[in-house]
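One-letter residues, chain by chain:
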Amino acid sequence: MAPVSGFFALKPFHRPRLWLGLWVFAVMAVVVLSLVNLSGLPPVPEGGDKVEHFLAYALLSASAVQLFARRRASLLIALLLVVLGIGLEFAQGTLTTTRMADPRDALANTLGVLAGTATMLTPMRRMLATIDARLRPARA
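Residues numbered from 1 in each chain as written. Predicted model: local features only at pLDDT ≥ 70, side-chain atom pairs only at ≥ 80, totals over all residues. Heavy atoms only, no water.

**Q** Residue-level account of helix α2 (residues 48-67), with values.
**A** Taking 1.5 Å of rise per residue, the 20 residues of α2 would be expected to cover 28 Å, and the 29 Å separating its terminal C-alpha atoms lies within 8% of that figure. Among the residues of α2, G48, K50, H53, Y57, A58, L60, S61, A62, A64, V65, Q66 and L67 are the ones counted as buried. Where α2 is buried, its residues touch α1 (16-35), α3 (71-95), α4 (103-117) and α5 (127-135). (Helix = DSSP H or I, 4+ residues; strand = E, 2+ residues; numbered from the N terminus. Expected span 1.5 Å × (residues − 1). Buried < 20%, exposed > 50% of the residue type's maximum accessible area, 1.4 Å probe, protein only. Contact = heavy atoms within 4.5 Å.)

Okay, here's the thing in structure tokens:
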């Protein structure tokens, strides 16, 4: 399948809608999980939630590096993820009664975005393309 043209062009995947859909689903899951009542879950060790924030945003930004063909698009998405992380912290403090805003969570989110975006400087930036190629059905 030919890559989509434009600023947000995807890399030339065999299944671009699948990969993009999974990424959008992951972003939506982070939004929902950031705003719902999670008090019924077992407590995490002190500081463990910062690790969760870091890993979630690192995964989202590294996935954007995997998906989008243009470096500038990945950088813009990284910026938008930072804004999302900060915005969700404000939302937790103002829109929910069971969650509270924590600037350290926003910092963990931002550091995760930076770590995930840094994968564009490594061979890991082609990992999803390699997986996609291996999943491609053999031609008869």
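Anyway, onward from the coordinates.
**Q** So, the packing of aromatic side chains: which residues are in play, and what are the values?
**A** Counted under the stated rule, the structure contains three aromatic pairs. Measuring from ring centre to ring centre gives 4.9 Å for F7 and F8, while their planes differ by 85°; the resulting arrangement is edge-to-face. On the basis of relative accessibility, which here comes to 40%, the residue F8 falls in the partly exposed class. Relative to F68, the ring of W23 lies with its centre 5.8 Å away and its plane at 80°, an arrangement referred to as edge-to-face. In this pair, W23 is assigned in helix α1 and F68 in the loop between α2 and α3, connecting sequence segments 45 residues apart. Taking the relative accessible area as the measure of exposure, W23 reaches 14% and is therefore buried. Through a chain of ring-to-ring contacts, the aromatic side chains of F7, F8, W23 and F68 assemble into a single cluster. (Phe/Tyr/Trp six-rings, centres within 6.5 Å; stacked < 30°, edge-to-face > 60°.)

**Q** Would you mind going over the nonpolar core in detail, with residue names and values included?
**A** Core analysis: the largest hydrophobic core is formed by 19 residues, its most contacted members being W23, L67 and F68. Mapped onto this core, the elements with two or more residues apiece are α1, α2 and α3. Here this core gets six residues from one element, more than from any other, and that element is α3. (Core = buried A, V, L, I, M, F, W, Y, C linked by side-chain atoms within 4.5 Å.)

**Q** Describe the pattern of salt bridges, with residues and values.
**A** Using the criterion set out here, one finds five salt bridges in the structure. Among the ionic pairs, K50 bridges to D105, the shortest N-O distance being 2.7 Å. Of the two residues, K50 is situated in helix α2 and D105 in helix α4; the sequence distance between them amounts to 55 residues. Accessibility expressed as a relative area gives 6% for D105, which makes it buried. For D102, the salt bridge is made with R104, and the minimal N-O distance between the two is 3.3 Å. The class of D102 is buried, set by a relative accessible area of 11%. (Salt bridge = Lys/Arg side-chain N within 4 Å of Asp/Glu carboxyl O.)

**Q** If you had to explain the environment of P42 to someone new, which residues and values would you point to?
**A** In this structure, P42 sits in the loop between α1 and α2. Taking the C-alpha atoms as reference, P42 lies 32 Å from L79; in sequence the two are 37 residues apart.

**Q** Outline the confidence of the model for the protein chain, supporting the account with residue identities and numerical values.
**A** When the pLDDT values of the protein chain are averaged, the result is 91; 94% of them are 70 or greater. For the protein chain, per-element mean pLDDT is lowest for α5, which scores 91, and highest for α4, which scores 97. (pLDDT = per-residue confidence, 0-100.)

**Q** Would you mind going over the packing of α2 against α4 in detail, with residue names and values included?
**A** To characterise two packed helices, one gives the angle between the axes of the helices and the distance between these axes. It is at 7 Å that the axes of α2 and α4 come closest, and there the two elements cross at 35°. Crossing of α2 over α4 shows right-handed handedness. Packed against α2, whose contacting residues are D49, K50, H53, F54, Y57, A58, S61, A62 and V65, the element α4 presents R104, D105, A108, N109, L111, G112, V113, A115, G116 and T117 at the interface. Taken together, the residues that form the contact of α2 with α4 break down as nine nonpolar, six polar and four charged. (Axes fitted to C-alpha atoms, helices over the stretch in contact; angles between N-to-C directions. Left-handed = near helix turned anticlockwise from the far one by under 90°. Nonpolar A, V, L, I, M, F, W, Y, C, P; charged D, E, K, R; others polar.)

**Q** Lay out the environment of L95 in plain terms, naming residues and giving numbers.
**A** Summarising the element assignment, L95 is placed in helix α3. Placed 18 residues apart in sequence, L95 and I77 show a C-alpha to C-alpha distance of 25 Å.

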